[in-house]
Each structure stands twice: as structure tokens, then as C-alpha cells.
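# Close look at the chain arrangement
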Amino acid sequence: MLVPKRFLSWLLLPMLVLCSLIARAEPEGAAQALHLLGYLGADYPATVADGQVVDSSEYQEQLEFHGVLLGLIGALPANPGKAALEQGVARLGEDIARRRDGEAVARQARQLATDLVATYQISLTPRITPDPARGAALFAQHCSVCHGEQGIGDGPAGVGLEPPPANMQDAARMARLSLYDLYNSIGLGVEGTDMPAFAAQLDERERWDLASHVAGFSAAPVAAQGASFSLQQLAGQTPQQVAAEQGAAAAAAFRAQRARPPQPQRDAQQLIAFSRDTLDSSLAAYRDGRRDEAYDLSVAAYLEGFELVESALNNVAPEQRKATERALMAYRQGLQDGLPLAQAAQRLEAAKAELARCAGLLDGDGLSASLSFFSSLLILLREGVEAILVLAAILAYLRNTGQQQAMRSVHAGWGLALLAGAATWALAAYVIDVSGAQRELLEGGSALFASLVLLWVGVWMHDRRHAAAWQGYVKGSLVGGGGRLGFAVLAFVSIYRELFEVILFYETLWLQAGPAGHGMVLAGAGAALVLLFGLAWVILRGSRKLPLATFFGVNAVLLCALSVVFAGHGVAALQEAGVLGLHPVAFFELDWLGIHADALSLGAQAVVLAAIAVFYGRSWLDARRGQDSAV
């Protein structure tokens, strides 16, 4: 009897998933052993001087920790390098007992940690680049009560503790600790002290974020320039190691970079590989019962990886882009719905298969000249058309009604949006880490706000489409200080909501195009600007020839239609950020119109359409009553 391949894949899938996860898992006790080696290397030097014990209680603690370490190493699985590790730990204990020089013992502990990592293939690198801004909030919530707001150990709950809370601004001690050591201490706590283990309260990503923030307490306020370090180096090495190998200047840069890890700039293949690896990590977290972390990782796999190649992929195979996006979203929704592991794993494999097809389509050293041009052209057109329509409609209205002062407010609004967008990008690139989820939150929130404002302005214009109705408002509140501010805010939001993302997409496209394609990227952006300004000119020019009532009516319909589009975009952005869940339905999709096959997105647009119908119906009834009264 032949077994169907589909049935066989279902039968073997759980076994394959389990085997892959076992292969990735580190041996039990390895993290604790690394934690103790890091603690010995950091704290032993302060307990002895010239062969004499300086702090007897701390020295006794070092001896006790070594005994625990010896037991942990002995309990590790059999390995060709295990015997050498046990001998090294035994020598470390002899040197501690002989009160050997502190720095020598610290180097010995660090070398043993390196050997342990190599012997058991332990990963010291975070799956997602740490975010110290998130870590600052976690520190205030969980740590400052003991360690104090500035990390010097002067928190109100730390008074009288023995030993006292660690001083995180102690540069000498922090120089002997790696970022992984800090991460490990946060998760496992420090036995024999009042430092608790936070592994049950904080997920893996939060502990890395917190470790990065803590590392910043001992980092000098200098630019992280000069030597450049990978995320693996920032997590696994210590400033002391870097200083010994590369000098004090490199160590200062290392401290600054690990306190604010730079976001990697990756080409299309690296971005897709990042998505694939992060999805694997997500499933591993899901298997371990860490569902919130698994969901966060699934969101990061999309926002920090695949989303950044969507623009290039759209020009090659738009249907493949949509298929991949649907597969990634389906896997994410499966995690949120609590699917069995085998089904979640099957959705993961489907998503990875789509990613592999994308990688094949974008394979090569760089984008072709034509692809670089059209990618650049469509990025700006896609993100800019809606904003230009809003601005042109408002400016045409203000010009046709003689409200020059309000026009200046609109120009000031979009001008400030350009400056704010550039400043936000510079801040995100050089000062703080802005995640993909934060970008989508910004876009989603501003799109929903713009939808409400456009709805209000569109309905207002419809109500004032007759000369007798609007003339009384020319010098009224709408064109007074409050009205001008409202127009300026609408102009600001319309431009700013897209600008930051446009810059990000161009950064990625610039890298993907390579030096040979930079000229075509600039040419595409220039062509898009010409088309956008041409669209604005057509609207402004054409509006002069329309009768006032017709112009008001067309403008009102345009702005109300854009409010529907923005509502769809806003909900979709919040879904991509992981704030709202997905509710797919059988419906067609038109990305440019904000129409997505999702119940929440379509529902938001239906609410806006219903509001438009209500307001327009009210206006029609008022007009009929006015006609009846006149008769």
C-alpha cells in the first residue's frame, strides 16, 4: 500500500521539528556554568590583593561558586572537550585557593568560558538586536528600586542589603563582563545575594534589551565611531578583551556600541535569511511555551526582514510578494490562535518555502538597472500619491476661496513634516533604535488620525458647496487661527506619516542596488517627484475651470474617499505591527486603495463609509427642508 506524501509529511513533521529543536538546544547547566564563570571573572579581582584576602565574605563566596561550577561542568553531557574543561576548572579552583592575582584569575575564567562555548556550540548572540530604549523602561520597573535610577546601587530597597546591589557604573567591573554575562545574570539571578532570577518574568528579548541598557551605565558619552563590531562580538566579548587586543580607543567604541547596538544594514538575501532564522527561533520559543516571545519574533521576522524587500519584489513578482505576506501572516495568526505545534510548524514551512522563492527571484549581486529605477519610482509614487492628493485638494480649495493666509499655514505644515521626517530618521539612525513595529505603529496611528480629519474636512466642504453656504465662513472660525492650525496639522500628518518609511525603503534599496545602480535609484526618485508635482499641478489648474459648487463637491468626494483609504491603511499597519490580530475573509485586495481581505480592515472602511452616508444624508435632508421652507 502506498502512503500519500501529504500524509507522510504530516506524520514525520513533528519528529523533524523535535529533532531540529533538540539540535539547537544548549545542554542543561551550560548557561549556569557560563554565568558563574562570568561572575568569578568580574568579582574575584576585588577580593584579593598581593596574595592577601581583602574581603573575606566575598572571597568565601568565590570558593563556594567554584564548587557549584565544578559540579555543573561535571554534569554536562559527554564531549571530547569535556575532560579539558574539567581540568581547567580544577586549576581555576587551585588558583583561587592560592589567592592568585585577580586579573590572572579573571583571564583564566574568561578563557574557560570561551572554551565552554566552543565545546558545546553555545550561541551567545541575541536573535534580535537589543533595544536599550525598551530596556530603560524595564530597568525602571524591575531594577531601579534596588540599583537606583542611575544604576549605582543606591535604590531605596537596596539599603542594608548584604552584599549591597551592584554598582553598574563601576567601569572596572563592567569591563570584565560581556553583554551575555549581564543577560545571564538578569535571567538566572545571583545565588547567595538578593538579586532574583527574572527568567520567569522577562522573556529572552526583554532580558537582552535590559542588558544593553545596563551596559550603557558604564559607557562613556562618546560617539560609537572607529572600530566596528558585529552583534556577535558585542554580545560575547568584554571591553577588557577588546582593550587588550585593540587598545583603549577601540574599547571605548565597543562600550558605546554594545550600549546602543547598531542596526545591521543587509542586502535582500541577508534580509530574507534574517526572516527565515527568526521564524525558526519563533517556533522554538512556541515549542517551549513562550508564546508571547514566539509571536514577537514572528512579527520581527516580517517587519525587520521581509518588509524591507517588498518594494523590489513587487516589481519582479507582485503575486509572489502577496503570497509570501499571506504565508507569514498565517503563521503569525496560528501562534496567536494557539495551534498545535505540528500545525504551526507546517505553516512555518509554508512561509519559509515562499521566502525561498523570493530569494531566488532577488538572487544576484545587485538589482538590475531597470529594477532599481522602477523600484525607486514606485516607492515614492506609492507613498506620495495620497499625500499629494490631500495637499492639492486643500490648497485648491483655499486658493479658490481667497484664503491666502491659510495656504501659508498648509505650506508651513508640509515643510515642517519634511524637517520632522528627516530629523526622525537621523534620530533613529544615530541616536535611538526604532523597531519595525514602532514604525508601523507610527504609520497606523497617523493614518487613522488623518482618516478622521479628512472625513471631517470632506463633509464640511460638501455642506458648504453652495456659495451662500460658504461665504459666511470665509472670515469665520475655519479660516481663523484654529482653522489655519487645523489645515497645517492635516498637511503635516499627510506628509509625515509616509516620509519616515520612504526614507527607510530608500536606504534598503540603495544597499540592494549597489554602487552601479545608485544612479538609477536617483533617476527613479526624480521621475517620481516630477509625476507627483505634475499631479498636483493638474489638480490645481483644473480646479480653476470648475464652477464653485462642482469644485466643492468633487473636492469633498475626493477627501472622503481618501479617508476610507487611510482607514484601511491604518488598520493594516497596526496588524503588521502585531497590535491587532488578523481576521482573513474571502475578498479581493487593492493595496493602493487600502482594501485588504481582512475583516478588521474592511470593517474600519465600512464604518467610515457609513459615517459618510450619514453625514451626506443629513446634508441632503437639510437642503430639502430649506427648499420646502422657501416654497
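Residues numbered from 1 in each chain as written. Predicted model: local features only at pLDDT ≥ 70, side-chain atom pairs only at ≥ 80, totals over all residues. Heavy atoms only, no water.

## Considering the overall build of the chain
Of regular secondary structure, the chain possesses 26 helices and 2 strands. The buried share of the chain, taken over its 631 residues, is 51%. Restricting to contacts in the chain with at least 6 residues of sequence separation, those with at least 24 account for 75%. Accessible area of the chain: about 29,100 Å², with a carbon and sulfur share of 62%. (Helix = DSSP H or I, 4+ residues; strand = E, 2+ residues; numbered from the N terminus. Buried < 20%, exposed > 50% of the residue type's maximum accessible area, 1.4 Å probe, protein only. Contact = heavy atoms within 4.5 Å. Areas by Shrake-Rupley, 256 points an atom, 1.4 Å probe, with all protein chains shown as cover.)

## What about the environment of L559?
Note on placement: L559 falls in helix α25 (residues 548-576). Remark: the alpha-carbon pair of L559 and E386, spanning 173 residues in sequence, is separated by 9.9 Å.

## As for the side chain of S298
When you line up the elements, S298 lands in helix α15 (residues 291-303). Taking the relative accessible area as the measure of exposure, S298 reaches 4% and is therefore buried. A distance of 2.6 Å separates a polar side-chain atom of S298 from the backbone oxygen of Y295. Among residues more than four places away in sequence, those in contact with S298 are L279, S282, Y331, R332 and L335. (Polar contact = N/O pair within 3.5 Å; in protein donor to acceptor, adjacent residues only side chain to side chain.)

## Focus: the environment of A211
Along the polypeptide, A211 turns up in helix α10 (residues 204-215). Taking the C-alpha atoms as reference points, A211 and L182, separated by 29 residues in sequence, lie 5.4 Å from one another.

## Comments concerning the packing of helix α17 (residues 318-337) against helix α18 (residues 341-361)
Closest axis-to-axis distance for the α17/α18 pair is 9 Å, and the angle between their directions is 155°. In terms of their interaxial angle, α17 and α18 are classed as roughly antiparallel. Between α17 and α18 lies a crossing whose hand is left-handed. Packed against α17, whose contacting residues are Q320, A323, T324, A327, L328, A330, Y331, Q333, G334 and L335, the element α18 presents A344, R347, L348, A350, A351, E354, L355, R357, C358 and L361 at the interface. Looking at side-chain class alone, the contact of α17 with α18 contains 13 nonpolar, 4 polar and 3 charged residues. (Axes fitted to C-alpha atoms, helices over the stretch in contact; angles between N-to-C directions. Parallel < 35°, antiparallel > 145°, perpendicular 65-115°, else oblique. Left-handed = near helix turned anticlockwise from the far one by under 90°. Nonpolar A, V, L, I, M, F, W, Y, C, P; charged D, E, K, R; others polar.)

## Comments concerning the pattern of salt bridges
Applying the stated rule across the entire model yields 13 salt bridges. Across the pair D181 and R110 runs a salt bridge whose closest N-O atoms are separated by 2.5 Å. Of this pair, D181 sits in helix α9 (residues 179-188) while R110 sits in helix α5 (residues 102-120), and the two are 71 residues apart along the sequence. Across the pair, R110 and D181 agree in class, each one buried. A salt bridge links K352 to E349; the nearest nitrogen and oxygen atoms lie 4.0 Å apart. With K352 and E349 both in helix α18 and 3 residues apart, this pair spans about one turn of that helix. (Salt bridge = Lys/Arg side-chain N within 4 Å of Asp/Glu carboxyl O.)

## Let's talk about the nonpolar core
Membership of the largest hydrophobic core comes to 78 residues, with the highest contact counts inside it found for L279, F306, L398, V410 and Y506. Looking at this core element by element, the count peaks at 16 residues for helix α19 (residues 369-400). Those residues in contact with F306 that sit more than four places away from it in its chain are L271, S275, A301, L313, R321, T324, E325, L328, L355 and C358. (Core = buried A, V, L, I, M, F, W, Y, C linked by side-chain atoms within 4.5 Å.)

## Some details on the packing of α9 against α10
α10 packs onto α9 with a crossing angle of 120° between their chain directions and a minimal axis gap of 8 Å. By the criterion of interaxial angle, the relationship of α9 to α10 is oblique. The handedness of the crossing between α9 and α10 comes out as right-handed. Here L179, Y180, L182, Y183, I186 and G187 of α9 lie close against α10, whose contacting residues are E204, R207, W208, L210, A211, S212, V214 and A215. Of the residues that constitute the contact of α9 with α10, the class distribution is 10 nonpolar, 2 polar and 2 charged.

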